[in-house]
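Close look at the chain arrangement
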Amino acid sequence: MKNEIVHRYIDAFFRFVKKHDDAKKVEEDLKRFVATCTQQPRLLDFLRNRLIPSAKKERMVCLLAPKMQKATRYFFCLVIRGKREALLPEMATAFIETYKKSEHMCIVKVDAARPIAPENMEKIKALVTQLTPCKQVEIDVRILPQLIGGYVLHIGPHRLDA
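Description of the structure in this document. All chains use their own residue numbering, which begins from 1 and follows the written sequence. Selection of residues for local features in this predicted model requires a pLDDT of at least 70, selection of side-chain atom pairs for listing and counting requires 80 or more, and totals for whole chains, interfaces and linings are taken over all residues. Side-chain numbers come from the whole structure's heavy atoms, not from hydrogens or water.

**With respect to a nonpolar patch on the surface**
Patches were defined on residues exceeding 30% relative accessible area and lacking a salt bridge, with like-charge contacts within 9 Å and nonpolar side-chain contacts (Val, Leu, Ile, Met, Phe, Trp, Tyr) within 5 Å. Using a 1.4 Å probe, accessible areas were evaluated by the Shrake-Rupley method; residue-level cover was limited to the displayed protein chains. A carboxyl oxygen of Asp or Glu within 4 Å of a side-chain nitrogen of Lys or Arg is what we treat as a salt bridge. Taken together, the side chains of Met60, Leu63 and Leu64 make up a nonpolar region of the molecular surface, amounting to roughly 320 Å² of accessible area. Its place among the elements puts methionine 60 in helix H4 (residues 54–64). Burial status follows relative accessibility: with a 1.4 Å probe on protein chains alone, a residue under 20% of its type maximum counts as buried, one over 50% as exposed, and anything between as partly exposed. Given a relative accessible area of 33%, methionine 60 falls into the partly exposed group. Counting from the N terminus, the helices are DSSP H or I runs at least four residues long and the strands are E runs at least two residues long.

This is how it looks when you write it as C-alpha cells:
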C-alpha cells in the first residue's frame, strides 16, 4: 500500500515537472533533501511526528528550502497537507529513480578490493552502455578489503564478477 501511494504521487508529480521543463532542477532539490534527511535524522522525526500540526511542518519546510524550485516546495506542501509527510524521503528517492530512468541514466555499483584506475572506470562505463540502454552511467564504487581482487559489478538486478 505504502509503495503504491509513493508511486501515485511521484507519477503525477513527475509528469507535471516534465511538462514544465523543471525535472533536472527538481531532481537536484530532491537529492539535497535526501542528503539532508540522511545527515539530520531529527528532520525525519519532525516530519513523522503526528503531534506536530501540518501548518507548522509546512512552515518548517519553506524555511529549510528557500532555494528549492517552486514546484518542489509546492509538492512538499501538497504531501504534508495530505498527511503523507512520513513518505517524503521515499517519494524523493522514487522521483530521482524515475528521473534517471527517463533520461536513460544508470547507477552502477562496483565492489572492488582497491580503488579503481580512471581508465578502468571508462572501460566499465563503456561495458555498461553496451549491455544496457543507458546513455549515461554513474559509478558508485565501494572498497571491500575482504575481496581478494577484481570487481563485482551490480547493474540493476544483475551481477557480474570480474
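**Regarding helix H2 (residues 23–39)**
Expected helix span is taken as 1.5 Å per residue step, with the number of steps being one fewer than the number of residues. Taking 1.5 Å per residue as the helical rise, H2 with its 17 residues ought to reach 24 Å, and the 24 Å between its terminal C-alpha atoms agrees with that figure. Of the residues making up H2, those classed as buried are Ala23, Val26, Glu27, Asp29, Leu30, Phe33 and Cys37. Along the axis of H2, the buried residues cluster in a sector spanning 160 degrees; they form a single face. In H2, the exposed residues that point more than 90 degrees away from the buried face are Thr38 and Gln39. The directions from the helix axis to the C-beta atoms form the arc being described.

**Quick word on the packing of H2 against helix H3 (residues 41–48)**
Each axis is a line fitted through C-alpha atoms, and for a helix only the stretch in contact is used; angles between axes span 0 to 180 degrees, taken between their N-to-C directions. The geometry of H2 relative to H3 is characterised by a closest axis approach of 4 Å and an angle of 100 degrees between their N-to-C directions. Compared by their axis directions, H2 and H3 come out roughly perpendicular. Contacts between H2 and H3 involve Phe33, Thr36, Cys37, Thr38 and Gln39 from the first element and Pro41, Leu43, Leu44 and Leu47 from the second. Within the contact of H2 with H3, the residues separate by chemical class into 6 nonpolar, 3 polar and no charged. When an angle is under 35 degrees it counts as roughly parallel; over 145 it counts as roughly antiparallel; between 65 and 115 it counts as roughly perpendicular; any other value is oblique. The contact criterion used throughout is that any non-hydrogen atoms of two residues lie within 4.5 Å. Amino acids outside the nonpolar list (Ala, Val, Leu, Ile, Met, Phe, Trp, Tyr, Cys, Pro) and the charged list (Asp, Glu, Lys, Arg) are all regarded as polar, and Gly is one of them.

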